[in-house]
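Observations on chain architecture
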Amino acid sequence: MKVIGYARVSTEEQAREGVSLDNQRRKIELYAEMNDMELIGIEIDEGISAKNLKRPGVQRVLELARKKQVDCIIIYKLDRMFRNTVDALNTSQMLDKQGVALHSINERLDTKSAIGKFFFSLTASLAEMERNVISERTVDSMKHMKESGKCVGNVCFGFRRSSDGIHVEPEPIEQEILVRIRELREAGFTLDAIATELTVLGFVTRGGGNWKKQ
């Protein structure tokens, strides 16, 4: 039986125990060995969310399945591949049509069996619910921080985070640049001309580069 592995980790998960890429690889390799499977490779998506299937690694895996070049896909955990129930069910139907099984190590799922298909659908729904709950909590938390006057997200040009990390304060050099931009604009300078003037004056962008009209 030829099998392909798939592993994924999003940026915020990289340090979380149990989902590291090395751990997923090791689990997949051991699973294939224990079940006498020929592991032809492990596709990886690093630093990418599972909110949809628009990921290079997962697309390569699915393409192998569509071409019937593998008999099985192995993942460490269902949410490594899916967080959307519709995506999970549609993919499951496609794999079933191609005769390709999906094995999830953590949930002990094998979609070749009827009971495996049932628990696959159930687990996929729970994974989507978990993602939605986390999203709701994040939105509520950010809303509360904003209402409390705390800084949320990126700090706009001209300001910086204060020493407490949750408020902002003026950034002197960037404020000076903003004043100069306004003066030049009021004097009739085009955006291109303003960018050129700032560069000539030795001002750099927050990223350290030269100014452009954008």
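Reading guide: rules and limits
Residues numbered from 1 in each chain as written. Predicted model: local features only at pLDDT ≥ 70, side-chain atom pairs only at ≥ 80, totals over all residues. Heavy atoms only, no water. Helix = DSSP H or I, 4+ residues; strand = E, 2+ residues; numbered from the N terminus. Buried < 20%, exposed > 50% of the residue type's maximum accessible area, 1.4 Å probe, protein only. Salt bridge = Lys/Arg side-chain N within 4 Å of Asp/Glu carboxyl O. Core = buried A, V, L, I, M, F, W, Y, C linked by side-chain atoms within 4.5 Å. Contact = heavy atoms within 4.5 Å. Axes fitted to C-alpha atoms, helices over the stretch in contact; angles between N-to-C directions. Nonpolar A, V, L, I, M, F, W, Y, C, P; charged D, E, K, R; others polar. Pairing = 2+ DSSP bridges. Parallel < 35°, antiparallel > 145°, perpendicular 65-115°, else oblique. Left-handed = near helix turned anticlockwise from the far one by under 90°.

Some points on the environment of arginine 83
Looking at the secondary structure, you find arginine 83 in the loop between strand E3 (72-75) and helix H3 (85-98). Among the residues examined, arginine 83 registers a relative accessible area of 11% and is labelled buried. In this structure the C-alpha to C-alpha distance between arginine 83 and lysine 51, which are 32 residues apart in sequence, comes to 5.6 Å.

Side note on the pattern of salt bridges
Enumeration over the complete set of coordinates arrives at 11 salt bridges. Of the charged contacts in the structure, one is a salt bridge between arginine 66 and glutamate 63, with a shortest N-O distance of 3.5 Å. Of the two residues, arginine 66 and glutamate 63 are both situated in helix H2 (residues 56-66); the distance of three residues between them amounts to about one turn of the helix. Judged by its relative accessible area of 39%, arginine 66 is partly exposed. A relative accessible area of 34% places glutamate 63 in the partly exposed class. With its nearest N and O atoms 3.3 Å apart, the salt bridge here joins arginine 180 to glutamate 183.

Concerning the nonpolar core
Ile73, Ile75, Met81, Phe82, Leu95 and Leu102 are the most contacted members of the largest nonpolar core, which has 20 residues in total. Listing elements by their share of this core, those giving two or more residues are strand E1 (2-9), H2, E3 and H3. The element that contributes the greatest number of residues to this core is H2, accounting for five residues. For leucine 95, the contacting residues outside a window of four places in its chain are Ala65, Ile73, Val100 and Leu102. Residues Ile28, Cys72, Ala101 and Ile105 belong to the second largest nonpolar core, which totals eight residues.

Digging into the packing of H2 against H3
Where H2 contacts H3, the axes come no closer than 9 Å and their chain directions differ by 35°. Contacts between H2 and H3 involve Leu62, Ala65 and Arg66 from the first element and Thr91, Met94, Leu95 and Gln98 from the second. Taken together, the residues of the contact of H2 with H3 break down into four nonpolar, two polar and one charged.

Considering the pairing of E1
By the criterion of burial, E1 is predominantly enclosed, with seven of the eight residues buried. Of the strand pairs in this sheet, E1 and strand E2 (residues 38-46) are connected by eight bridges, and their pairing is parallel. Along E2, the bridge assignment pairs glycine 5 with isoleucine 42. Sheet topology places E1 next to E3; four bridges connect them, and they run parallel. Each bridged residue has a counterpart across the sheet, and for isoleucine 4 the counterpart in E3 is isoleucine 73.

Describing the packing of helix H5 (residues 172-186) against helix H6 (residues 191-200)
Contact geometry of H5 with H6 gives a least axis separation of 10 Å together with a crossing angle of 140°. Judged on the interaxial angle alone, H6 and H5 are oblique. When you trace H5 past H6, the crossing you get is right-handed. Of the residues in H6, those touching H5 at Ile177, Arg180, Ile181, Leu184 and Arg185 are Leu191, Ile194, Glu197 and Leu198.

None of this, on its own, says anything about what the molecule does.
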